[in-house]
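Okay, here's what each chain looks like letter by letter:
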Amino acid sequence: MAKKQGNMFGSFGQAVEDREQEQAKIEATVTTATQAVPQNRKRGAGATTMTLAISQEDKQFIKSYAAMRSTTVSDLLHAWIDGLRVEG
């Protein structure tokens with residue numbers, strides 16, 4: 001039987017394999033979570049764009065706020081508009 005030679009990088013090779021497995025688990029979790037959350041988006045033929053003039057601080061805040069809630073700024077605006085419709 002041939003003698004198995006060790007990895008010239010020592011434990012680095014194992015660390016790479018471990019990290020790749022960890023990354024695969026993360027991607028599977030994120031992909032599943034993204035698919036599981038139904039999106040209420042108005043896109044397509046009736047969609048339009050809008051330009052807002054806000055401060056850089058407000059822009060960073062709202063983008064961060066939306067990201068922490070796994071949504072988009074557009075979806076936040078849409079929800080806000082829907083709320084105004086209900087208030088009437």
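Residues numbered from 1 in each chain as written. Predicted model: local features only at pLDDT ≥ 70, side-chain atom pairs only at ≥ 80, totals over all residues. Heavy atoms only, no water.

Draft legend 1. Fine view of the overall build of the protein chain. Assigned secondary structure in the protein chain consists of 3 helices and 0 strands. Order of helices (α) and strands (β) in the protein chain, N terminus to C terminus: α-α-α. With 88 residues in all, the protein chain has 5% of them scored as buried. For the protein chain, the exposed surface amounts to about 8200 Å²; the carbon and sulfur share of it is 58%. (Helix = DSSP H or I, 4+ residues; strand = E, 2+ residues; numbered from the N terminus. Buried < 20%, exposed > 50% of the residue type's maximum accessible area, 1.4 Å probe, protein only. Areas by Shrake-Rupley, 256 points an atom, 1.4 Å probe, with all protein chains shown as cover.)

Draft legend 2. Broad picture of helix H3 (residues 73-87). Over its 15 residues, H3 runs 21 Å from end to end, which matches the ideal 21 Å to within 8%, given 1.5 Å per residue. Where H3 terminates, the next one or two residues include Gly88, which has phi positive at roughly 70 degrees. (Expected span 1.5 Å × (residues − 1).)

Draft legend 3. Spatial organisation of unusual backbone geometry. Even without glycine at this site, Ser70 takes up a positive phi of about 55 degrees. Examined against the element boundaries, Ser70 turns out to sit in the loop between helix H2 (56-68) and H3. Here Ser70 falls in the exposed class, since its relative accessible area comes to 58%.

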